Amino acid sequence: MASAKRYAQAVFETAQTAGDYDSWTVHLSEMSDALQHKDLITIMNAPTITEDEKIEVIKLLVSNFPGDFETFCRLLILQGSVSDIPDISKQYQILVDSIKGISRVAVTSAVKLNKNEKTKLTKQLSDQLGKKIELSESVDESLIGGVVIRIGDKVLDGSIKGRLDSMRSSLLNG
Amino acid sequence: MANKGQDIVSVIKKQMESFGTRVTMVDTGVVVEIGDGVARVHGLSSCRSMELLEFPNSVFGIALNLEEDSVGAVILGDERSIQEGDEVKTTGRIVEVPVGKELLGRVVDPLGRPLDGKGPIKSETFRPVERVAPDVSKRSSVDTPIQTGIKAIDAMTPIGRGQRQLIIGDRSTGKSQIGIDAIINQKGQNVQCVYVAIGQKASKVSQVVGTLERFGAMEHTVVVAANAADSAALQWLAPYAGCAIAEQFMEGGGDALVIYDDLSKHSWAYRQVSLLLRRPAGREAYPGDVFYLHSRLLERAAKLDAESGGGSITALPIIETQAGDVSAYIPTNVISITDGQIYLEADLFNAGTRPAVNAGLSVSRVGGAAQRRAIRRVAGRIRLDLSQYRELAAFAQFGTSDLDQATLTQLERGQRTIEILKQGINEPISMEHQALILYAVTNGFLDSVPLDAVGRWESEFQRFMQANYPEVANGIRESNDLDETQEETLKKGIEEFKTSFIA
């Protein structure tokens, strides 16, 4: 995990000099999706398969394969860290988001939010955080009401369920 | 009953009303690894060291290792309900414990939760469990004694308020008993006691509580217990919690006595936690900071100066040695931290010398200054007498027929001194009565009494003095000294008693 951060930083700096963040985002996420298949990791770590053969496999998976990405993959193959790519992709996205001033927010609500509510929420969050907000939403009926907002590690729990839970523990300990 | 139900309803109502609608941002993480009382939590980027973490189902943990992406935490409580992938929240609180007079008479765990079934602790005051010890400018030197009520200790290794005196010895040599006797003897002395049981059998802890209750000593005592079945984290936390409770008494200007029973098990618990958190192991597999573990705890025992209220914490840590080995890692550490030690020996214990205090190896580095003048006057020679006796006794094993009269007298005196220093359990003796009997033995009044009658002589003598010359004991109690007129009366009393005593 810690090494993923370093790789992501290196990729980020490369992308910065090239002035193109998005193509790396695409490549890394395509690779991450492909690595969902455990067999691919086995192939990448197999010592009997040569580096060139492995690169050929990757070429089949990634569209529009640029030279930068090839060298990056070769490096990871040599280090045996191909399985870190999903983490690298995540860390890279965090770095790109922070330079673009984007904050990714996951909102979980009891019922599906309507458009009006969404814009209101986005506006309030972007005012508070001073960043552009990219909202991703999901519905969880067990919340009963209200919303739970996640920004990275931070959680704002405004749900009825969360309130009931904390009320229960405060009553039990009171 | 209806009344009580109404009470509960109104309490709940009040709490519900005051229950804010405020939503606060909390830092969260995800459990990636759990087992053996230790969890690795991914995330928690703004977590602080020693912060209380909340796991699901109201299980709490303490963040100990803060790493780049994850936090190593120990679980306080049942870890079986926690699974990989569970969400962990920070609480913003450092581990704390309720303190104050409300805890007196109670048995609590290291987080201040009651273990005695006597209902919730009503204390409003909390203190962080870990705290930096009072610094030099706030301390004064140890000048008041704390009486343990044990003749051998008060005479030879006196303990002052604010001192740290180690009790060390093999298993079942009467270590805990010294602590318990000391607590019993504080009854009516305005000293609040804290007994910290670390990793002991629950049956033994309940026995101790029973003893303290029987002697009315629970009124001024708090028992903090992390038993053998509790998690290592709780055992590790227990002495710090006990110390925090005592600090509250100290900072209120009072005197406190803390017994840590025992720090050997405490270091085992900490070793377990450290190894599970993958901290590097050192000598005997203890982590590198095991010295600091105990030094920072015992440093919190202090005598404050008048400006800071003049309170004190006296600490009596207990260490169990293996086969008398005082040069093992933990014993040497704690010996070097404390201001002296009471060394208990299995051989002496088995030979019937109880308390089994080894006078040669036991020292008190600061308590002498605090000793009452009366005791210092009568007991000043005891250590010397005993060490000379021991030397001669080794020599006299080969037969006493060739020895001169002076040597024989010294041998007789030594045997009687040892006999007088014997004392039953849970029978602490007040300072003035100690002074009377020690005066009698050090001045040779018992030399002619047969050895097997010494015990009876002592008890009958105390009764005789109480009946006929109570002014001597009263005078010593009031002035803390034995002046010449009292000494004359005492001598007269002893002579009188000796003629009436039939061996």
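On a predicted model such as this, the values are computed, not experimentally measured, just so you know. (Residues numbered from 1 in each chain as written. Chains lettered and ligands numbered in written order. Predicted model: local features only at pLDDT ≥ 70, side-chain atom pairs only at ≥ 80, totals over all residues. Heavy atoms only, no water.)

**Observations concerning the overall build of chain B**
Link 1 in the chain: Helix and strand counts for chain B come out as 16 helices and 16 strands.
Link 2 in the chain: In terms of overall dimensions, chain B has a C-alpha envelope of 85 × 55 × 45 Å along the principal axes.
Link 3 in the chain: Here chain B holds 503 residues, and the buried ones make up 54% of them.
Link 4 in the chain: Roughly 22100 Å² of accessible area belongs to chain B as shown, and the carbon and sulfur atoms make up 51% of that amount.
Link 5 in the chain: In chain B, the 53 positive side-chain charges and the 65 negative ones have mean positions that sit 2 Å from each other. (Helix = DSSP H or I, 4+ residues; strand = E, 2+ residues; numbered from the N terminus. Buried < 20%, exposed > 50% of the residue type's maximum accessible area, 1.4 Å probe, protein only. Areas by Shrake-Rupley, 256 points an atom, 1.4 Å probe, with all protein chains shown as cover. Lys, Arg positive; Asp, Glu negative; His and termini not counted. Charge placed at Lys NZ, Arg CZ, Asp CG, Glu CD.)

**A word on the domain arrangement of chain A**
Link 1 in the chain: Looking at the assigned domains, one finds that chain A contains domain 1 (2-97) and domain 2 (101-172).
Link 2 in the chain: Computed from C-alpha coordinates alone, the two centres of domain 1 of chain A and domain 2 of chain A are separated by 33 Å. (Domains from an automatic or database assignment.)

**Notes on the nonpolar core**
Residue and element names in this part refer to chain B.
Link 1 in the chain: Leu257, Trp457, Phe461 and Leu490 are the most contacted members of the largest nonpolar core, which has 68 residues in total.
Link 2 in the chain: Of the residues forming this core, the biggest block, 8 residues, is contributed by helix H13 (residues 431-442).
Link 3 in the chain: If near-sequence neighbours (up to four positions away) are discounted, Leu490 is found in contact with Leu436, Tyr439, Phe461, Met465, Val472 and Leu482.
Link 4 in the chain: Ranked by size, the runner-up nonpolar core spans 64 residues in total, among them Met50, Phe60, Phe249 and Val273. (Core = buried A, V, L, I, M, F, W, Y, C linked by side-chain atoms within 4.5 Å. Contact = heavy atoms within 4.5 Å.)

**Remarks on the interface of chain B and chain A**
Link 1 in the chain: Listed as interface residues are 21 residues of chain B and, on the opposing side, 19 residues of chain A.
Link 2 in the chain: Of the roughly 1700 Å² buried between chain B and chain A, counting both surfaces, carbon and sulfur atoms make up 54%.
Link 3 in the chain: Remark: the boundary between chain B and chain A carries 5 salt bridges.
Link 4 in the chain: Note that A:Lys5 is salt-bridged to B:Asp69, the shortest N-O span being 3.2 Å.
Link 5 in the chain: Each residue belonging to the side of chain B that touches chain A can be placed in one class, and the counts come to 7 nonpolar, 10 polar and 4 charged. (Buried area = accessible area lost by both parts, 1.4 Å probe. Salt bridge = Lys/Arg side-chain N within 4 Å of Asp/Glu carboxyl O. Nonpolar A, V, L, I, M, F, W, Y, C, P; charged D, E, K, R; others polar.)

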